[in-house]
Amino acid sequence: MPVLNSSQLSEGLAEATQPDAASRRHAFPVRGVPWYVVQVMAGREDHARELIAEAVKLEEKAMRERAESEGKQSEGLPVAEEIFVPKARVGVKRGGKWLPGEEVLMPGYLVAIARDPDALVRALRRARGFVRVVRQDNVAVPLPEQNVRWLEEQTQRGKSAVAMSEGYIEDGKLHITSGPLAGREAVIQKVNHRRKVAYLEIEAHGKKIKAQLGIKITKKKECKKKQKTK
């Protein structure tokens, strides 16, 4: 199966739907701070983010208390600069009509921006429920820089999500004409036409993370009909 590696994510997806200068003022202006992927229960990503935020506060309090008891300054705070759930724009069917909606970009995962992975791991141990940072050889590893750069460019917390792609099918072959997946048909593993979602995988230090992006597909004959009516 095709896997979207760091190079493809940076060079392929980021070519399309670049935001304007105003929208590039990202909600996470934390340059040089690693982004870690945290695995949680699928379907409970936003709830898990709240639980992790509470756990982070508890860990920060414990760090301050330890420092005070030792007569030292509490260094390394905050434990996490930001915790968020990347989203993707998709079509949602309501009342027989397709309306704009959002879905989790990486089901079962969220992102924590943190300077100290050890402090982040301690905080996650305080969180209720299933939460764990993605590791390699039992060591927390950050997302590759290319992935971080793409997420920064494509998303803005609370205001937008990764845009939908559009395309058509000709002779049984998929062609993406616009959006983050334009020209990257090879990385798509499957398309759910009913849900208007394309499935792929993102590789982060050997860990394959399933991802989904919104996609609108029409058949070639339908495109021709539209052209004639213009």
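Residues numbered from 1 in each chain as written. Predicted model: local features only at pLDDT ≥ 70, side-chain atom pairs only at ≥ 80, totals over all residues. Heavy atoms only, no water.

Considering the pattern of salt bridges
Applying the stated criterion to the full structure yields 9 salt bridges. Residue Glu59 pairs with Arg122 through a salt bridge whose shortest N-O separation is 2.9 Å. Placement of Glu59 in helix H2 (residues 45-69) and of Arg122 in helix H3 (residues 117-126) is noted, with a sequence separation of 63 residues between them. As a salt-bridge pair, Glu59 and Arg126 come within 2.8 Å of each other at their nearest N and O atoms. Of this pair, Glu59 sits in helix H2 while Arg126 is found in helix H3, placing the two residues 67 residues apart along the sequence. Here Glu59 falls in the buried class, since its relative accessible area comes to 2%. Connected through salt bridges with shared partners, the residues Glu59, Arg66, Arg122 and Arg126 form a single ionic network. (Salt bridge = Lys/Arg side-chain N within 4 Å of Asp/Glu carboxyl O. Helix = DSSP H or I, 4+ residues; strand = E, 2+ residues; numbered from the N terminus. Buried < 20%, exposed > 50% of the residue type's maximum accessible area, 1.4 Å probe, protein only.)

Regarding the sheet that holds strand S11 (residues 190-192)
Sheet architecture is open: 5 strands sit in the order S10-S9-S13-S12-S11, paired in mixed fashion. The two strands at the open ends of the sheet, each matched to only one other strand, are strand S10 (173-178) and S11. Put simply, the sheet's adjacent strands are angled 40 degrees from each other on average, direction ignored. Pairing analysis gives 5 bridges linking strand S9 (residues 165-170) to S10, with the strands arranged antiparallel. Paired with Glu170 across the two strands is Lys173, which belongs to S10. (Pairing = 2+ DSSP bridges. Axes fitted to C-alpha atoms, helices over the stretch in contact; angles between N-to-C directions.)

Overview of the confidence of the model for the protein chain
With 77% of its residues at a pLDDT of 70 or more, the protein chain shows a mean pLDDT of 78. Note on residues 1-29: pLDDT under 50 across the span, and 69 contacts to partners over four residues away in sequence or across chains. (pLDDT = per-residue confidence, 0-100. Contact = heavy atoms within 4.5 Å.)

So, the sheet that holds strand S2 (residues 82-84)
Ordered by their spatial adjacency, 4 strands build an open sheet running S2-S5-S1-S6, and the pairing between neighbours is antiparallel. Of all the strands in the sheet, just S2 and strand S6 (131-133) have a single pairing partner and so form its edges. Adjacent strand axes in the sheet meet at a mean angle of 25 degrees, parallel and antiparallel pairs treated alike. Where strand S1 (residues 35-40) meets S6, 3 bridges bridge the pair, whose relative direction is antiparallel. Bridge assignment links Val40 to a residue of S6, and that residue is Val131. With respect to the sheet, H3 is in contact with S1, strand S5 (109-113) and S6, its orientation differing from that of S6 by roughly 170 degrees.

A closer look at the nonpolar core
With 29 residues, the main nonpolar core has Trp35, Leu105, Met106, Leu143, Leu181, Ile188 and Leu213 as its most contacted residues. Elements represented by at least two residues in this core include exactly S1, S5, helix H4 (145-154), strand S12 (197-204) and strand S13 (207-219). Broken down by element, this core gets its largest block of residues, 5 residues, from S13. In terms of nonpolar packing, the next biggest core, distinct from the first, is built from 25 residues, Met63, Ile83, Leu124 and Ala140 among them. (Core = buried A, V, L, I, M, F, W, Y, C linked by side-chain atoms within 4.5 Å.)

Remarks on the packing of aromatic side chains
Tallied over the full model, the rule gives 1 aromatic pair. Here Trp35 and Phe84 contribute two aromatic rings whose centre-to-centre distance is 5.4 Å and whose plane-to-plane angle is 85 degrees, an arrangement assigned as edge-to-face. Separated by 49 residues along the polypeptide, Trp35 in strand S1 and Phe84 in strand S2 bring together distant segments of the chain. We classify Trp35 as buried; its relative accessible area is 1%. (Phe/Tyr/Trp six-rings, centres within 6.5 Å; stacked < 30°, edge-to-face > 60°.)

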